[in-house]
Amino acid sequence: MPEKVPDCLFCKIVTGEVPATVVRATERTLAFRDINPQAPTHVLVIPKEHYANAAELASAADALVSEVLLEAHAVAVDDGIAEAGYRLVFNTGPNAGQTVDHMHCHVIGGRQMHWPPG
Ligand code: 5GP
Ligand code: ZN
């Protein structure tokens with residue numbers, strides 16, 4: 001299992017060192033509201049273990065990747081937006097605007113969204 005990374009903001013949210021508004025938790029995942037929401041629902045679902053991005057988690061060939069996706073859908077159900085629709089985003093690297101190098105799935109919804117994104 002990957003080690004906790006000392007300077008990682010989301011590892012600190014997992015340990016409780018940094019507070020967050022947690023909406024769901026499983027043994028291996030955590031879902032909390034984004035501090036700077038871009039829509040009425042904006043939740044981040046993360047593996048509690050540190051993986052830098054989605055590809056790194058997928059490379060581990062672990063059921064954890066599907067657990068993150070199932071939890072993302074559960075967040076949408078909990079917030080009552082699953083039927084209207086929602087967006088899942090995995091920013092990866094600088095051009096995508098990834099600012100926290102701990103894999104996270106943005107669950108965004110509660111309003112009409114547009115495609116392509118900016
Ligand atoms: P990224 O840009 O890496 O895909 O997404 C990082 C997200 O983390 C951003 O949407 C940002 O608003 C959110 N974020 C940054 N710092 C904090 C924090 O301390 N608490 C919470 N809940 N979200 C944060
Ligand atoms: Zn981390």
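Located above this text is the structure these notes cover.
None of the values given here were measured: they were computed from a predicted structure. (Residues numbered from 1 in each chain as written. Chains lettered and ligands numbered in written order. Predicted model: local features only at pLDDT ≥ 70, side-chain atom pairs only at ≥ 80, totals over all residues. Heavy atoms only, no water.)

A. Representation of the pattern of salt bridges within the structure. Tallied over the entire structure, the rule returns six salt bridges. The partner of R28 in a salt bridge is D62, with the nearest N and O atoms 2.9 Å apart. Highlighted residues: R28 in the loop between β1 (22–25) and β2 (29–33) and D62 in the loop between α2 (54–59) and α3 (64–78), separated in sequence by 34 residues. Its relative accessible area of 24% is what places R28 among the partly exposed residues. Accessibility expressed as a relative area gives 22% for D62, which makes it partly exposed. When salt bridges with common partners are traced through the structure, they connect R24, E71 and D78 into a single cluster. (Salt bridge = Lys/Arg side-chain N within 4 Å of Asp/Glu carboxyl O. Helix = DSSP H or I, 4+ residues; strand = E, 2+ residues; numbered from the N terminus. Buried < 20%, exposed > 50% of the residue type's maximum accessible area, 1.4 Å probe, protein only.)

B. Representation of the site of ligand 1. Looking at ligand 1, there are 16 residues lining it, with D34, N91, T99, H104 and H106 nearest. At 3.3 Å from a nitrogen atom of ligand 1 is found a main-chain nitrogen or oxygen belonging to I35. Alone, ligand 1 offers 520 Å² of accessible surface; in the complex the protein occludes 82% of this. Looking at the shell around ligand 1, the elements that each hand over two or more residues are α1 (9–15) and β2. No other element matches α1, which puts three residues into the shell around ligand 1. (Near = heavy atom within 4 Å. Polar contact = N/O pair within 3.5 Å; in protein donor to acceptor, adjacent residues only side chain to side chain. Areas by Shrake-Rupley, 256 points an atom, 1.4 Å probe, with all protein chains shown as cover.)

C. Representation of the environment of E27 in the model. Looking at where E27 falls in the secondary structure, it is placed in the loop between β1 and β2. Taking the C-alpha atoms as reference, E27 lies 25 Å from I81; in sequence the two are 54 residues apart.

D. Main features of the nonpolar core. Listed in full, the 12 residues of the largest apolar core are A31, V43, V45, Y51, L57, L64, V68, A72, V75, M103, C105 and V107. Residue contributions to this core peak at four residues, all from α3. The residues contacting A31, other than those within four sequence positions of it, are T21, V22, V23, R24, V43, L44, V45 and V75. Listed in part, the nine residues of the second largest apolar core include C8, L30, F32 and I46. (Core = buried A, V, L, I, M, F, W, Y, C linked by side-chain atoms within 4.5 Å. Contact = heavy atoms within 4.5 Å.)

E. The arrangement of the sheet that holds strand β4 (residues 86–89) in detail. Pairing within the open sheet is antiparallel, and its five strands lie in the order β1-β2-β3-β5-β4. What marks the edges here is a single partner per strand, and that holds for β1 and β4. Here the average twist between neighbouring strands, direction ignored, is 20°. In this sheet, strand β5 (residues 105–109) lies alongside β4 in antiparallel orientation, the contact comprising four bridges. Opposite L88, over in β5, you have V107 as the bridge partner. Relative to strand β3 (residues 41–47), α3 is tilted by about 155°, and along the sheet it contacts β1, β2, β3, β4 and β5. (Pairing = 2+ DSSP bridges. Axes fitted to C-alpha atoms, helices over the stretch in contact; angles between N-to-C directions.)

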